[in-house]
Amino acid sequence: MYATFIRSSLNHWKPDDFDLSSVRLTEPLLHITKTICLLESRCDDYAEYLQAIFRERTEDWTSAISRWNFEECQHGVTLRSVCEAGDQDFDFDFCMSQYECLVSYHAPTGESVRGSVAAEMVSRCVVEALASTLYRVLADAALDRNASAVYSALAQDEARHYGMFLKMLNAEAKENPRIGVLARCRFALQRMIELEDEQIMLASCVVAGRADDIIFRRREASWYLSRLYCFYRWGHLRYAVRMLLRTIDVRATPLLVWTVTMAMWSVIRIRLLMAILSSFVIPLRAAKNPTNKAVNRSGEVGRI
Ligand SMILES: [Fe+2]
Ligand SMILES: [Fe+2]
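Residues numbered from 1 in each chain as written. Chains lettered and ligands numbered in written order. Predicted model: local features only at pLDDT ≥ 70, side-chain atom pairs only at ≥ 80, totals over all residues. Heavy atoms only, no water.

Draft legend 1. Geometry of the state of the cysteines. Across all of its chains, the model carries one disulfide by this definition. Linked covalently through their sulfurs, Cys43 and Cys73 form a disulfide whose S-S length is 2.4 Å. Handedness of the Cys43-Cys73 disulfide follows from its S-S torsion of about 105°: it is right-handed. With Cys43 in helix 2 (residues 43–53) and Cys73 in helix 3 (residues 59–86), this pair connects stretches of sequence that are 30 residues apart. What makes Cys73 partly exposed here is its relative accessible area of 23%. Left unpaired, Cys37 is separated from the closest cysteine sulfur, that of Cys83, by 4.6 Å. Given the relative accessible area of 0%, Cys37 is considered buried. (Disulfide = S-S within 2.5 Å. Helix = DSSP H or I, 4+ residues; strand = E, 2+ residues; numbered from the N terminus. Buried < 20%, exposed > 50% of the residue type's maximum accessible area, 1.4 Å probe, protein only.)

Draft legend 2. Spatial organisation of the coordination of the iron ion (ligand 1). Protein-derived ligands of the iron ion (ligand 1) are Glu40 (OE), Glu40 (OE), Glu72 (OE), His75 (ND1) and Glu158 (OE), with the metal-ligand distances lying across 2.0 to 2.3 Å. Counting gaps between the donor residues of the iron ion (ligand 1) yields the pattern E-x31-E-x2-H-x82-E. The metal-metal distance between the iron ion (ligand 1) and the iron ion (ligand 2) is 3.7 Å, with Glu72 coordinating both. Residue Glu40 is located in helix 1 (residues 27–40), and its partner Glu158 is located in helix 6 (residues 145–175); the two are separated by 118 residues in the primary sequence. Relative accessible area serves as the criterion here: at 9%, Glu40 is assigned to the buried category. Assessed through its relative accessible area of 1%, Glu158 is described here as buried. (Donors = N, O, S within 2.8 Å, 3.2 Å for Na, K, Ca; no water.)

Draft legend 3. Region of the structure containing the coordination of the iron ion (ligand 2). Distances from the iron ion (ligand 2) to its protein donors, Glu72 (OE), Glu128 (OE), Glu158 (OE) and His161 (ND1), fall within 1.8 to 2.3 Å. Considering all four donor atoms around the iron ion (ligand 2), the spread of angles at the metal, 85 to 136°, places the coordination shape in the irregular class. Each donor residue of the iron ion (ligand 2) lies on the same chain, and together they follow the pattern E-x55-E-x29-E-x2-H. (Tetrahedral: all angles 85-135°; square planar, octahedral: opposite > 155°, others 65-115°.)

Draft legend 4. Region of the structure containing helix 7 (residues 181–193). Taking 1.5 Å per residue, 13 residues should reach 18 Å; helix 7 reaches 18 Å between its end C-alpha atoms and fits that length. Of all the residues in helix 7, the buried ones are Ala183, Arg184, Phe187, Ala188 and Arg191. Along the axis of helix 7, the buried residues cluster in a sector spanning 130°; they form a single face. Looking at helix 7, the residues exposed on the side facing more than 90 degrees away from the buried face are Leu182 and Ile193. Buried-residue contacts for helix 7 involve helix 5 (117–141), helix 6 and helix 10 (234–247). (Expected span 1.5 Å × (residues − 1). Arc of directions from axis to C-beta. Contact = heavy atoms within 4.5 Å.)

Draft legend 5. Local environment of the pattern of salt bridges. Under the counting rule described, the total for this entry stands at 14 salt bridges. We note a salt bridge from Arg114 to Glu194, for which the minimum N-O separation is 3.0 Å. Here Glu194 lies in the loop between helix 7 and helix 8 (198–207) and Arg114 lies in the loop between helix 4 (92–102) and helix 5, a separation of 80 residues in the sequence. When its relative accessible area of 29% is taken as the criterion, Glu194 is described as partly exposed. In this structure, Arg210 and Glu220 form a salt bridge, with 2.8 Å as the shortest nitrogen-oxygen distance. Of the two residues, Arg210 is situated in the loop between helix 8 and strand 1 (215–216) and Glu220 in helix 9 (residues 217–228); the sequence distance between them amounts to ten residues. Each member of the pair, Arg210 as well as Glu220, is classed as buried. Salt bridges here are not isolated pairs; linked through shared partners, they connect Arg67, Glu71, Asp157 and Arg160. (Salt bridge = Lys/Arg side-chain N within 4 Å of Asp/Glu carboxyl O.)

Below you can see the structure in the form of structure tokens.
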């Protein structure tokens, strides 16, 4: 039934298909992989939230989310294997429980925190497009062939997930003509602005072993992004831009793709430069910036 929105890849891989007996990753790549391993391992929370939103919909919608959930859970399991092969001291259970204590996900109330199903679908398209891009970046950056094969498989899955949510978005837009280019663009920008939110930064903080102390979100963001953004190349961003333009229902002409890719490339380079500079100026542990947002151990965000 889920085939309306997503097709099961004929030879979809299984976590055991990969040879992960030995994995060699550089420290930044290993850290990034541990961080996204925690994010992917929350798949059941994401699915519960979306299933509640689609409670009144036909089985096409709910079964597609179930299939998506199954594949996202496989991502978490496989990335855990990569991390454990790359670092025998990686304690997944400890990190995961610490992460879940720090960051709660949206409650499955049936209401989208984005305000509408269309906004939720645009947000999901953005996340899946950027996830697919991220795995391509990691596949290109990793010198280890086994880890690179995992990243490539995950990049393909995320691209299929992007296609699934885009079909859902277009089905929703058919019923509601007010969901035009401007509305989609606004929803997409809102989601992209949230990329430095607690979900990712606190996962990074947990796997770095800094979650027992006061956590400074902006510092963590700078530390994490200084490791991640140096791997992004023009071709990766062009790939993301094509998907983002389709999400907002704009034809991806060569000139428009080049222009938006240039804008994105500039933003990423400037953010990388700021992240590198701030990591020199602001040490990760000392609390010298009184306006820096902090998160205490119970997960409350505030200023100190
Ligand atoms: Fe995933
Ligand atoms: Fe996905």
